[in-house]
Amino acid sequence: MDYSAEALGYALQLIEAAAEDDFEKVKVLVGEIKADAWVQDAQGWTALHAAASVGNVAMCKYLLRSGNAVWQIVDNLGCTAGDIAFSLNEAAVYDFLLGEGVRAEMLRAAMEAAAASEEEEEEEEIDEDGDVKPKLSTASDNATFLASKLKFTKDSSGQEIAVDEEGNGVMMGWEREIMRVSAERLCEPFTARRKGVKDSEEELNVVNVGFGLGIIDSYLQEFSPTQHLIIEPHPDVLAHARSIGFFDKPGVRFYEGTWRQYLKDLEDEKEEYVGFDAIYFDTYSEHYSDLHAFFDVLPNLLRSPESRFSFFHGLGATSRLLYDVYTSVSELHLKDIGLTTEWGDVDIGNAVGTWEGVDRKYWGEVGPYRLPLCKLEF
Ligand SMILES: C[S@@+](CC[C@H](N)C(=O)[O-])C[C@H]1O[C@@H](n2cnc3c(N)ncnc32)[C@H](O)[C@@H]1O
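Residues numbered from 1 in each chain as written. Predicted model: local features only at pLDDT ≥ 70, side-chain atom pairs only at ≥ 80, totals over all residues. Heavy atoms only, no water.

### Details of the sheet that holds strand S3 (residues 169–172)
- Overall, antiparallel pairing links the three strands, which are arranged S1-S2-S3 in an open sheet. The strands lining the two open edges of the sheet, one partner per strand, are strand S1 (150–154) and S3. If you compare each strand with its neighbour and ignore which way they point, the axes differ by 20 degrees on average.
- Two strands pair when backbone bridges link them, and strand S2 (residues 160–164) and S3 are joined in this way by three bridges, in the antiparallel orientation. Paired with isoleucine 161 across the two strands is methionine 172, which belongs to S3.
- Set on the sheet, helix H10 (residues 235–243) makes contact with S1 and S2; between it and S1 the angle comes to about 45 degrees. (Pairing = 2+ DSSP bridges. Helix = DSSP H or I, 4+ residues; strand = E, 2+ residues; numbered from the N terminus. Axes fitted to C-alpha atoms, helices over the stretch in contact; angles between N-to-C directions. Contact = heavy atoms within 4.5 Å.)

And the structure:
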C-alpha cells in the first residue's frame, strides 16, 4: 500500500514542529494525529534529527517512547540524530541517544543469540528442499567472501591494499599505524618482563585471527614470539602469505581454516591447547555477533592475568554515535565474561583519504581510532 499524501503531510509537519522546538505541537501530532516519526524529509532528516538539532532531550525521549522514531536512521550525509547533536555540541541529547543506542543494541544482541540456533535449523531445511538462496555479498557473508577471489595491489600513494571481487577494501595499508600500536600494546607486559634480563628465555605465545596483508603479524614478529599462530582460511590470502615467505618466519604456524573450525578442533583435541599471552582478532565479512561469540572463549585462551586481547574496532565506524554505541556495547559484553577494557586513541587523521577505487568508505568524521586492550579481571 502506498504511503498516503495526508500521512506524509503530517509527518513533515512533525519534523517542522520539532525543528521549531514546538513540543506541544509535536505531542498533538504524535499523540492525537498519530504522525509517523520515522519519515525523512528531503535532506533525510527525521523528527528525531530535528529534535536533536534544537537540543531538546525531553522531545527526543518522547519521539522514541511515544512515537515511532528510530535512533539509527541516517540523513543524506550519513548522520544519525546523535551525530547531529554531537556536531552542534548538544551534549545532553548526545548522551541520551548514546544510552538509547547501547540499550537497543544490547537487547538486539541478546535476541540474536537466542534466535541463532533456530536459524541454523531453518538454513538446513532450506538446503534440503533445494531452494535457491539469494545472492549474498562478499562484504557481509563470510562463506561468500571465503569463496571469492581477492586482489593484492597498491593504491595511488603506493600503500598495499587487498580488495575483494566487489571492490570492497578487505585490508588497507593506512591501517598500519593501528596495527603497529596494537602489537606494541599487546606485547607490553612481555616487553616489561624481559627488560634488562640478558638472554631472557621468557616465553611469548601469540595468536592472530585474520592475516590480511600480514601487517600486524609483521609487527608481532618484532617481539620474536616463541609460538606465533595465525588463523586464516582464505586460499588467496594463504597463497599471498606463502609468496612473501611468512610460512618460514620463526615460530610461525598457520592454521588454515576459520577461527570457528580452530575452536572446534581444540574441542575435539585435534589441536593442542596453547595458552596465549597476546590475542588479536580482525576478520572480514563477519558481524558483531561473531566477534561477540569469540569473546566468550577468551577466558579459556588467555594464558595468565597479564595476557591481553585486542580486536580491530571498526564497529559502527560510519557514524560518531554508532562508534560510541559499539564501544560501549563491546565493553559491556567483555565485562560479562570477566574482561576489563582500556581504550586508547590512535590518530588516523590523514589516513582516511586513501579510498580511491574502493567501495564502502568508512570512518569519515568519527574521530581517532579507539584501540581496545582487554585482560582478565581479578
Ligand atoms: C582485515 S583482514 C586482517 C588484516 C590484518 N589485521 C593485517 O594486519 O593485515 C581480515 C582477514 O580475516 C580473514 N578472515 C575472514 N573470515 C575469517 C574467519 N572466519 N576466520 C579467520 N579469518 C578470517 C580474511 O581472509 C582476511 O585475511
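### Section: the UniProt feature "repeat: ANK" (unreviewed entry) in the protein chain
- When the UniProt feature table is mapped onto this chain numbering, "repeat: ANK" (unreviewed entry) sits at residues 43–67.
- Counted over residues 43–67, helix gives 64% and strand 0%. Its end C-alpha atoms are 21 Å apart. (UniProt positions renumbered as here; feature names shortened; annotations may be inferred.)

### Some details on the pattern of salt bridges
- Counted according to the given criterion, the structure contains 22 salt bridges.
- Measuring nitrogen to oxygen at the nearest pair gives 3.2 Å for the salt bridge that ties aspartate 236 to lysine 149. Residue aspartate 236 is found in helix H10, and its partner lysine 149 is found in the loop between helix H7 (142–146) and S1; the two are separated by 87 residues along the sequence.
- Look at aspartate 236 and you get buried, because its relative accessible area is 16%.
- In this structure, arginine 180 and glutamate 184 form a salt bridge, with 3.1 Å as the shortest nitrogen-oxygen distance. (Salt bridge = Lys/Arg side-chain N within 4 Å of Asp/Glu carboxyl O. Buried < 20%, exposed > 50% of the residue type's maximum accessible area, 1.4 Å probe, protein only.)

### Some details on the confidence of the model for the protein chain
- Scored by pLDDT, the protein chain comes out at a mean of 89, with 89% of its residues at no less than 70.
- Scored below 50 in pLDDT, residues 121–125 makes one contact in the model with residues more than four places away or belonging to other chains.
- Note on the complex model: pTM 0.86, ipTM 0.99. (pLDDT = per-residue confidence, 0-100.)

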